[in-house]
Each structure stands twice: as C-alpha cells, then as structure tokens.
2 protein chains.
Amino acid sequence: MITIALDAMGGDHAPDVTIEAAKVFLEEVPNVKVKLFGDEAVLRAKLQANDRLEIIPTTEIVTGEDEPVKAIRGKKDSSMVRAAQAVKDGEADAIVSAGNTGALLTAGLLVVGRIKNIGRPGLAPLLPVVSGNLGSRFILMDAGANADTKAENMRQFAILGSYYAAKVLGIPNPRVGLINNGTEAGKGSALSQAAYDLLAEEASINFIGNVESRNLLEGVCDVAVTDGFTGNAVLKAIEGTASAIVRLLKDKIMGGSTMAKLGGAMLKDTLKGMAKDVDTSEFGGAVLLGVKAPVIKTHGSSDARAIVNAMKQAVTIIESGFVQEATDFFANE
Amino acid sequence: MITIALDAMGGDHAPDVTIEAAKVFLEEVPNVKVKLFGDEAVLRAKLQANDRLEIIPTTEIVTGEDEPVKAIRGKKDSSMVRAAQAVKDGEADAIVSAGNTGALLTAGLLVVGRIKNIGRPGLAPLLPVVSGNLGSRFILMDAGANADTKAENMRQFAILGSYYAAKVLGIPNPRVGLINNGTEAGKGSALSQAAYDLLAEEASINFIGNVESRNLLEGVCDVAVTDGFTGNAVLKAIEGTASAIVRLLKDKIMGGSTMAKLGGAMLKDTLKGMAKDVDTSEFGGAVLLGVKAPVIKTHGSSDARAIVNAMKQAVTIIESGFVQEATDFFANE
C-alpha cells in the first residue's frame, strides 16, 4: 500500500492544518497510508492512530529561519528530516511538507537522494494557463532549487519535466520551451545559448525553441525550462503580480463609489471563480524532480485543502511510475 | 533650445502615431524643438514644418526582424540611425523610438556612445507601485540591454539608477534593492552574491539589501538592480501576468451571468482607473542609462500619447542635468 510521509510541523499554520489535512486525505483517499511526523502530544491529542494513520514522534522542528544544509545535517530528529529518512528507508513512498523550502530541497538531495546520473534535481511548480486553454497548466523548471545552473542541468530539467508532463499530467508529446530574452534562435546569455543547443539536439523531448516569460500564462509551452535563478525570479514575479493586481482591484472596489461597491458585490462569484482559476494550490505543490521519490513542497501559507491536494498529487506521481521511468532513462545516459 | 530626435518610422503603428505624437507634443510643450526622421513624402503630406519642427528625410527603416548590430552598422540612412547620429553630432539632445529594442540599444551604445568609465549601459523601465503607495513607481535595471552581466556592471546600474531616481524622479535618497532568490544576505547565485558585496560597499547609494521579485509591485525599493537576463525575464513576467489577469477578468465578465455582466458595467470606471494605475506608458518609456544622452524606448505598440509622454520624459531628463552629473561621477572613478 502506498504510504505518504507528512511533515506535520512544517508551514505557517502547522500542525493544525497538517492534522486536518491528514484527516481529510484519509477520508477522501482509500487504500493509502499516512505517516505523520511531529510533536507526539499535540498530534495524539487531536488524532486517533489507526491502521492507515501512524504518528511518528519527533522532537525538533526545522524553522523558516534555519539555514538549509545546517538544519538537515543538525536537526536529525526534526519532523522534516525524519519524514525524508522514512522515504529513504523505504518506509514511505513520498514526502509532503509546507516547511522551509531550502531545507526540504536539501533533504530531497541529501536524504532521499538523486536519481543516478542526475547532476542537479530541479524544483517544478505547476502554474495555471489563464488565457486560451483555461484550466490547463504548465511546469516551470527549475523554479529555484539551484542558484547556479549549467546548461547540462537544464537539458536534464527538460527531460524530467517532459516525462512528468507526459506521465503524471497526461499531456501527450509535451511542448518544451526555453525561457529566453527573445524567441529567435541564437538569442540570450551564454548559458541560455548553450542550453538551447543541448535541447535542440535532445531526441527524447519535443523542443519548440525559445519562449518569453511574457507568454507563459497563455500556455505557450507545457514545460518552461530555465536556470534556477531566473526561474525563481519569474515564479515570484508571476505570483507577486497576480496578487498585487487582485489586491488593487479589491481596494478600488472597496474604496470606490457606491456603484463600484455594488458592481463588486454583483461580481463576487465571478471574482471567486477567477481566484480559483489562478490558484496554484488546486494543482498540489511544487515537486523536486530528479530525486528517488516524490518530494513535494506546498506554500508555507497552505491551508488543509492545499496539503490534501499535494498528498493526492504524490499518489498520482507514485501510481504513474514516473520515478522508475526517469531512473531507467538516465541509467542509460 | 532643447531638441528631441523622434524616429518617425519605429513601432507597430508608425508613422501615423509618431506624426500625431509630434503634433501633440509641440502643442503641449513650448520652447522645445522636434526633429522628425523618416519617409519624406509621407511626413510632408501630413505635417507642416515650422520653426520648431524639422523633417529630416531618411530612406531606410530598421524593422523588428533586423538583427540589431547589423541594422545599425548597415542601415546608415535609416530613421533610427540618423536620429541617433543627430544626437551624437549635437544636433539633438535625446532620441525617442518605438522601434526594434535591440537595435535602439545598439544605436545608443555604438552611435550615441557610453559615458566614460561605464562598462555597459543598462535599460531602465519605470514600473508602477500598485499596492501601498499607489501612483509611485520604481526603476528596474537592467531590463535587458545585456544578456550577460558582470557584478561590476550591476554596481554601475545601481549608481545610475539611483541618480536617475533622485534627479529625474525626485525621490530623495532612493532605496536600492538587489533582486535575489531570498532576502537574507549571502543568498543567491555567484553573480548576485558578488553584486551584493559591491553594492554593500558602495558609499554613493542607499543599498537596502536583497529584494524578491514577488514584492516589487508593492514598492519594496525605488531601484531594483539585477542582471540583464533576469531583469528581462522579470519585466516580461510582470507585464504578461498583469495582462493575462486583466484579460481573464474581462472574459469572465463577458462570458458570465447577466448579473456578472451588469456588475462589470457598473465597475467600468473602476476598471478603467485600475488600467491607468498599471499602465507604464503613463510614465514614458524605458531609458538606456549610461550613454551620453537620453535614449528612450517606448513599446512597439505605443499610441501617440505614450510617445508624447516619452518625449516629455526626455525633456525632464535633459533639464535635470542627470547625464552631466553621472558623467562627473564616473569621470572620477
């Protein structure tokens, strides 16, 4: 039976939302086990262990302020490290955490471990396509697992992202684009030019060439490949702009005329539907691709629903056979 | 008298909008001359030259498809190159163009020329602060003049952007932030770490440390410094996200219930006001900083109003003495 390791102490609203998530997940998903890592007294006060729910007591917590490598090496009895160790030891099949991103990526790299021949794993969030093919999504990779990235890493991101899009998201022949400062071939930095050449030569992917970050939300590609520094800046620019515009709209309505307020009230359902269209937590979390098991990061501010979605995403990934397929591919490189 | 060189043939809607812009500008702004470079027959058919408007006939056009360096070196009688040459020769004080961005940057670099001791000029668009201090703006630099950037270039961007914010925008002691993948010191790529150290040591600026692209539109800093590749990706991600969200809202209203449509109609003025708040063309264009005279790029899709605003911005820059002050500063480096 599939087992999900949940870091009960990770995130801004832990452990309340992780406890709630574990409950809801077990109700909604049959035949999957949950191992909950965290403060024993707190967890036992709110949860009854049963044959599909195991509470694993841990005594330390990785905080948002912790330096990632130091935390993973030093806090051996933290909920995050113990959950990752359970995956490493074969006692769980995937780890989900809303905790310190850098620390979770480090746990994925150092504890769960890289797939053979993968140079650097990359972080792959799913982002919504908000015009045209509404409801679909694309992968951005690397969104920040690496501060410095080589072209060869980007070739591997493209392959991993492409497998993920095909196997897990069910997108046939996913279109792989390279984020660049122009769409023409030959554009860009020394790094993006070198990456372009490697992607163009890579037979296992459907490379459509350069794409601009301006067109990502239009669904210009299914897998947007970039170095981890640029990807992190692009992800945060998209998230920050979306929330700033929505906030501006709210402020304008609330601070506007009576007619504006009334108009806003009449649009309430529309705006709610729109918020849902751009809410990435509907899709689950960001997955670290290139490691031996699914390592899924949800937003620090995640509510129980976002964590449940990430846990379901873990099940989908495991059932898809993605990791095995990627492992087989890179074994022969 | 200040003279603005306007590339009449640059942009998607040239020369109609550039002709209109020249007319409006001359009506609105006294004591400034305009030199209009372009197709003589077309311009003379629609404009009457006078003592403040000179039409300079040119026979070539730099198109959006032209390779920048080749275009600037090869199309010597293009409206863009001739306009830049007029600035170089002291016959005009600034150039405004809605044409090929890469070509205009190249014209700025190769024709107008760098300020002494400036390694690489950088492109500095003004972006709106859309929450908190609404109506204010910040500079993003470099937004893409350079595909590959060194830390020392970024130090110069910080100084140039800071002078620009203070002298031209009138922001006292502008806050300079470095775009990075986290706010803590020590974060980031090898490049951003090296840039951080140079900015922290630079006495002439008010460096506030790392900023994340997520917080730019909240006005987290007045000058956001980054390398040209990341800056380009961030700028386009912000623009693309803003327009995707606005389009999504429109689609939802138009495709929604009768109540949604009515609500949308009642919010029309609010949405218009909001569009104005996030419309960067209100501020003028993106300025190439680090060259010997203002080189201003407006969007290819600019209307006459956007071009007029960019021409006014050129006048403000010239009257501020920004170029001379920057020249004096870097002369002593």
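Rules used in this analysis
Residues numbered from 1 in each chain as written. Chains lettered and ligands numbered in written order. Predicted model: local features only at pLDDT ≥ 70, side-chain atom pairs only at ≥ 80, totals over all residues. Heavy atoms only, no water. Contact = heavy atoms within 4.5 Å. Buried area = accessible area lost by both parts, 1.4 Å probe. Salt bridge = Lys/Arg side-chain N within 4 Å of Asp/Glu carboxyl O. Polar contact = N/O pair within 3.5 Å; in protein donor to acceptor, adjacent residues only side chain to side chain. Helix = DSSP H or I, 4+ residues; strand = E, 2+ residues; numbered from the N terminus. Nonpolar A, V, L, I, M, F, W, Y, C, P; charged D, E, K, R; others polar. Least-squares fit on C-alpha atoms with pLDDT ≥ 70 in both. Phe/Tyr/Trp six-rings, centres within 6.5 Å; stacked < 30°, edge-to-face > 60°. Buried < 20%, exposed > 50% of the residue type's maximum accessible area, 1.4 Å probe, protein only. Core = buried A, V, L, I, M, F, W, Y, C linked by side-chain atoms within 4.5 Å. Domains from an automatic or database assignment. Pairing = 2+ DSSP bridges. Axes fitted to C-alpha atoms, helices over the stretch in contact; angles between N-to-C directions. Right-handed = clockwise from strand over helix to strand, strands pointing away. Left-handed = near helix turned anticlockwise from the far one by under 90°. Parallel < 35°, antiparallel > 145°, perpendicular 65-115°, else oblique.

A. Seen up close, the interface of chain A and chain B. Tallying the contact residues gives 51 residues for chain A and 52 residues for chain B. For the pair chain A and chain B, the summed buried area comes to about 4600 Å², and 70% of that belongs to carbon and sulfur atoms. The interface formed by chain A and chain B includes 6 salt bridges. In this structure, Glu239 of chain B engages Arg214 of chain A in a salt bridge whose closest nitrogen and oxygen atoms are separated by 2.8 Å. Summed over the shared surface of chain A and chain B, the result is 12 residue pairs in polar contact (both at pLDDT 80 or more). Top contributing element to the side of chain A that touches chain B by residue count: helix α8 (residues 228-254) of chain A, with 19 residues. Counted by class, the side of chain A that touches chain B contains 25 nonpolar, 16 polar and 10 charged residues.

B. Focus on the relation of the copies chain A and chain B. The transform that puts chain A on chain B rotates by 180° and translates by 0.0 Å along the axis, for an RMSD of 0.0 Å. Each copy turns onto its partner about a two-fold axis. For chain A, the smallest separation between a C-alpha atom and the rotation axis is recorded for Gly263 of chain A, amounting to 2.0 Å. The share of interface residues of chain A whose copies in chain B are also at the interface is 100%, consistent with both copies meeting through the same surface.

C. Focus on the packing of aromatic side chains. Counted by the stated rule, this structure contains 8 aromatic pairs over all chains. Taking 5.2 Å as the distance between ring centres and 75° as the angle between the ring planes, the aromatic pair formed by Tyr196 of chain A and Phe207 of chain A counts as edge-to-face. Here Tyr196 of chain A, found in helix α7 (residues 190-201), pairs with Phe207 of chain A, found in strand β9 (residues 206-211); they are 11 residues apart in sequence, far enough to count as distant. This pair shows no difference in class: Tyr196 of chain A is buried, exactly as Phe207 of chain A is. Here Phe329 of chain B and Phe330 of chain B contribute two aromatic rings whose centre-to-centre distance is 5.2 Å and whose plane-to-plane angle is 80°, an arrangement assigned as edge-to-face. A relative accessible area of 0% means that Phe330 of chain B is categorised as buried. Through successive ring pairs, a cluster of aromatic residues spans Tyr163, Phe329 and Phe330 of chain A.

D. Representation of the nonpolar core. Judged by nonpolar contacts, the single largest core of 65 residues is most densely connected at Ile4, Phe25, Val96, Ile139, Tyr164 and Phe322 of chain A. There are two domains that each give this core at least three residues, and those are domain 1 (1-118 + 290-333) and domain 2 (123-280) of chain A. By size, the runner-up hydrophobic cluster in this structure holds 64 residues, among which are Ala21, Tyr164, Leu289 and Val323 of chain B.

E. Looking closely at the domain arrangement of chain A. Residues and elements named next belong to chain A. Here the domain parsing of chain A yields domain 1 (1-118 + 290-333) and domain 2 (123-280). Inter-centroid distance (C-alpha atoms) of domain 1 to domain 2 is 25 Å. Facing the 17 residues of domain 1 at the interface are 15 residues of domain 2. With both sides pooled, the region where domain 1 packs onto domain 2 buries about 1400 Å², and carbon together with sulfur makes up 68% of that total. Applying the counting rule to domain 1 against domain 2 returns 6 residue pairs in polar contact (both at pLDDT 80 or more). For the side of domain 1 that touches domain 2, the secondary structure elements donating two or more residues are α5 (101-112), α11 (304-320) and α12 (322-331). The leading source of residues in the side of domain 1 that touches domain 2 is α12, at 5 residues.

F. Spatial organisation of the sheet that holds strand β1 (residues 2-7) of chain A. Residue and element names in this part refer to chain A. Within the open sheet, the 7 strands sit side by side as β3-β2-β1-β4-β12-β11-β5. Their pairing is mixed. Strands at the two margins of the open sheet, each flanked by one partner only, are β3 (53-57) and β5 (122-124). Between one strand and the next, the sheet's axes are offset by a mean angle of 25°, whatever the strand orientation. Pairing between β5 and strand β11 (residues 286-289): 3 bridges, direction antiparallel. Looking at β11, one finds that Gly122 is bridged to Leu289.

G. Structural detail: the pairing of strand β2 (residues 32-38) of chain A. Residue and element names in this part refer to chain A. Taken across its 7 residues, β2 has 6 buried, putting it largely inside the fold. Relative to β2, β1 is paired through 6 bridges, and the arrangement is parallel. The partner of Leu6 across the bridge, within β2, is Leu36. At this point the chain moves from β2, through helix α2 (residues 40-46), to the parallel β3, and the crossover so formed is right-handed.

H. Fine view of the side chain of Asp222 of chain B. Residue and element names in this part refer to chain B. Take Asp222: it is sitting in the loop between β9 (206-211) and β10 (223-225). With relative accessibility at 10%, the residue Asp222 sits in the buried group. Polar contacts involving the side chain of Asp222 include one to the main-chain amide nitrogen of Arg175, which spans 2.8 Å. The residues contacting Asp222, other than those within four sequence positions of it, are Phe138, Ile139, Ile171, Pro174 and Arg175.

I. Seen up close, unusual backbone geometry. A cis amide bond links Ala14 of chain A with the next residue in sequence, Pro15 of chain A, at an omega value of 0°. Residue placement: Pro15 of chain A occurs in the loop between β1 and α1 (16-28). Positive phi values are uncommon outside glycine, yet Asn117 of chain A reaches one of about 75°. Relative to the helices and strands, Asn117 of chain A is located in the loop between α5 and β5. Among the residues examined, Asn117 of chain A registers a relative accessible area of 38% and is labelled partly exposed. Unusually for a residue other than glycine, Asn31 of chain B sits at a positive phi of about 60°. When you line up the elements, Asn31 of chain B lands in the loop between α1 (16-28) and β2 (32-38).

J. Examining the packing of helix α6 (residues 151-167) of chain B against helix α12 (residues 322-331) of chain B more closely. Residue and element names in this part refer to chain B. The contact between α6 and α12 brings their axes to 10 Å, and the two run at 145°. For the crossing formed where α6 meets α12, the hand is right-handed. Contact residues: Gln156, Ile159, Leu160, Tyr163, Tyr164 and Lys167 in α6; Phe322, Glu325, Ala326, Phe329 and Phe330 in α12.

K. Summary view of the packing of α1 of chain A against α11 of chain A. Residues and elements named next belong to chain A. Running from N to C, α1 and α11 point in directions that differ by 50°, and their axes come no closer than 8 Å. Overall, the two elements α1 and α11 adopt an arrangement that is oblique. Judged by the twist between their axes, the crossing of α1 over α11 is right-handed. On α11, the residues that touch Val17, Thr18, Glu20, Ala21, Val24, Phe25 and Glu28 of α1 are Ala304, Arg305, Ile307, Val308, Met311, Lys312 and Val315.

L. The sheet that holds strand β8 (residues 175-179) of chain B, seen in detail. All names here are of chain B. Taken together, the 5 strands give an open sheet; going across it, the order is β6-β7-β10-β8-β9, and neighbouring strands pair in mixed fashion. Each of the sheet's edge strands pairs with one partner strand only, and the pair in question is β6 (126-128) and β9. Recorded for the sheet is a direction-independent mean angle of 30° between the axes of neighbouring strands. Sheet analysis places β8 next to β10, joined by 3 bridges and oriented parallel. The residue bridging Val176 from the neighbouring strand is Val223, located in β10. Relative to β9, helix α7 (residues 190-201) is tilted by about 160°, and along the sheet it contacts β8 and β9.

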